[in-house]
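# Structural overview
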Amino acid sequence: KRNGRNNFFIYCDELHHETQQKNLLEKEIKFALQNDQFLVYYQPQICPSNNKVKGMEALVRWDHPSRGILGPSEFLSIAEELNLIGSIGEWVLKTACIQLKSWQVKYGLADNDMSISVNLSSLQLQDMNLIESVSRIVSESGLSSHCLELEITESSIIHSPETIATRLHQLDEMKIKLALDDFGTGYSSIEHLHLFPIHSLKIDKSFIFAYKQKRAQDRVLQAMIKFAKYLGLSVIAEGVETDEQLDFCLSQGCDLVQGYYYSKPICALEFETKYFET
Ligand code: C2E
Ligand code: CA
Ligand code: CA
Ligand code: CA
């Protein structure tokens, strides 16, 4: 009994501590949004048959004043819980569109040369104002809408497929491309692929990591790529780190490859130096 009582106090204490931490983080995230502490890193998406950079994925980072550069795993789920993901997402979208537009101007790129991919969280997809805000952000940036690809996950579709389908068709009508991210994990459903105007499939990196480790999974991987190509979708392999994985992607006809083999996500300046100033 005495122990139980102690546990109770410890539990309360922890709960209290957790709440305090969350409150602090909420203040910090709001402050970060107002004070430009978020950054967008870019990771190239490369055509493996000619090594040309055809696009880049925008990935958010937080340049935290005392903790250094933080990755999304350290703040995105909390931001989602605190209902701040929409503001972060809009900021990332805006920054990414403006960035690509400015590279197009500075380096004389044609619209078809390179696209930018931005992740949409499931909460953003459920937001009634999504279409309005995307359309405003894109037009204010001056970027042609077909240079933008939005990445969504299957799990964010299954919540309310009808509403989401309408929204995705509106984006499609605006000429924005849609990619299904983390394909092969969780709720893979063939249904999604013909119900939704999806342009490309991003094979989840777990399949690429497992390549040659798990025979059975390799067959699933091959079948997924064949299937996507059969549906006329563009295939992006994520998480490519080794020569062997790259050769495999090339042999299977993957359209684009994204992974540490070519580059980790890097800041805009580094991306520019590495891919434009050569
Ligand atoms: P994701 O959309 O699947 O993004 C790809 C993740 O895989 C990135 O992690 C990237 O750094 C990592 N990656 C790419 N190539 C390799 C590789 O060869 N090896 C390994 N080990 N990892 C590789 P990151 O930047 O930490 O992002 C994690 C997740 O956070 C993203 O997964 C995405 O779900 C989410 N995220 C990132 N930025 C945003 C954003 O602006 N908005 C939203 N809603 N989610 C975001
Ligand atoms: Ca993604
Ligand atoms: Ca992914
Ligand atoms: Ca993911």
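Presented here is an overview of the structure given in this document. As the structure is a prediction and not an experimental result, all values here were calculated from the model.

### Structural notes on the layout of surface pockets
A water-sized probe, rolled over the atoms, reveals where empty space remains. Approximately 890 Å³ is the volume found for the largest pocket. Forming the boundary of the largest pocket are 35 residues, of which Glu 57, Leu 59, Pro 72, Asn 119 and Asp 181 lie nearest the centre. Looking at the lining of the largest pocket, the elements with two or more residues in it are strand S2 (52-64), helix H2 (76-81), helix H3 (85-107), strand S4 (115-119), helix H4 (122-126), strand S5 (148-153), strand S6 (177-183) and helix H9 (205-209). In terms of residue count, the dominant contributor to the lining of the largest pocket is S2 (five residues). Within the lining of the largest pocket, the residues separate by chemical class into 14 nonpolar, twelve polar and nine charged. Its volume calculated, the second largest pocket comes out at about 290 Å³. Lining the second largest pocket we find 18 residues, and of these Lys 54, Ser 115, Lys 177, His 199 and Leu 256 sit closest to its centre. For the lining of the second largest pocket, the residue count by class is five nonpolar, seven polar and six charged.

### Thoughts on the site of ligand 1
Close contacts around ligand 1 come from 21 residues, with Arg 61, Asn 119, Asp 181, Glu 241 and Tyr 260 the closest. Between ligand 1 and the protein, one listed contact pairs an oxygen atom with a side-chain N or O atom of Glu 57 at 3.3 Å. In this structure, Arg 61 approaches ligand 1 through a side-chain N or O atom, which is 2.9 Å from an oxygen atom. In the complex, the protein chains occlude 81% of the 800 Å² of accessible area that ligand 1 would expose alone. When atoms are counted within 2 Å of each cavity's grid points, the one that captures over half of ligand 1 is the largest pocket. Counting residues per element, the ones that place at least two in the shell around ligand 1 are S2, S6 and H9. Considering every element that reaches the shell around ligand 1, the biggest residue donor is S2, with four residues. For the shell around ligand 1, the per-class residue count stands at nine nonpolar, five polar and seven charged.

### Examining the coordination of the calcium ion (ligand 2)
Within the protein, the calcium ion (ligand 2) binds to Glu 57 (OE), Asn 119 (OD1), Glu 151 (OE) and Asp 181 (OD); these donor distances fall in the range 2.1 to 2.3 Å. Motif for the calcium ion (ligand 2), donor spacing along one chain: E-x61-N-x31-E-x29-D. The distance between the calcium ion (ligand 2) and the calcium ion (ligand 3) comes to 4.2 Å, and Asp 181 binds to both of them. Here Glu 151 lies in strand S5 and Glu 57 lies in strand S2, a separation of 94 residues in the sequence.

### Considerations on the packing of helix H5 (residues 130-141) against helix H7 (residues 161-173)
Between H5 and H7, the shortest axis-to-axis distance is 10 Å and the interhelical angle comes to 20°. Overall, the two elements H5 and H7 adopt an arrangement that is roughly parallel. Relative to H7, the crossing made by H5 is right-handed. Note on element contacts: H7 touches H5 through Arg 167, Gln 170 and Leu 171, opposite Leu 130, Ile 131 and Val 134. Residues of the contact of H5 with H7, tallied by class, amount to four nonpolar, one polar and one charged.

Reading the values: rules and limits
- Residues numbered from 1 in each chain as written.
- Chains lettered and ligands numbered in written order.
- Predicted model: local features only at pLDDT ≥ 70, side-chain atom pairs only at ≥ 80, totals over all residues.
- Heavy atoms only, no water.
- 1 Å grid on protein atoms, 1.4 Å probe; cavity = no way out; pocket = protein on both sides within 12 Å on 5 of 7 lines; lining within 4 Å.
- Points joined across faces, edges and corners; volume = space filled by probe spheres on them.
- Helix = DSSP H or I, 4+ residues; strand = E, 2+ residues; numbered from the N terminus.
- Nonpolar A, V, L, I, M, F, W, Y, C, P; charged D, E, K, R; others polar.
- Near = heavy atom within 4 Å.
- Polar contact = N/O pair within 3.5 Å; in protein donor to acceptor, adjacent residues only side chain to side chain.
- Areas by Shrake-Rupley, 256 points an atom, 1.4 Å probe, with all protein chains shown as cover.
- Sits in = over half its atoms within 2 Å of the grid points.
- Donors = N, O, S within 2.8 Å, 3.2 Å for Na, K, Ca; no water.
- Axes fitted to C-alpha atoms, helices over the stretch in contact; angles between N-to-C directions.
- Parallel < 35°, antiparallel > 145°, perpendicular 65-115°, else oblique.
- Left-handed = near helix turned anticlockwise from the far one by under 90°.
- Contact = heavy atoms within 4.5 Å.

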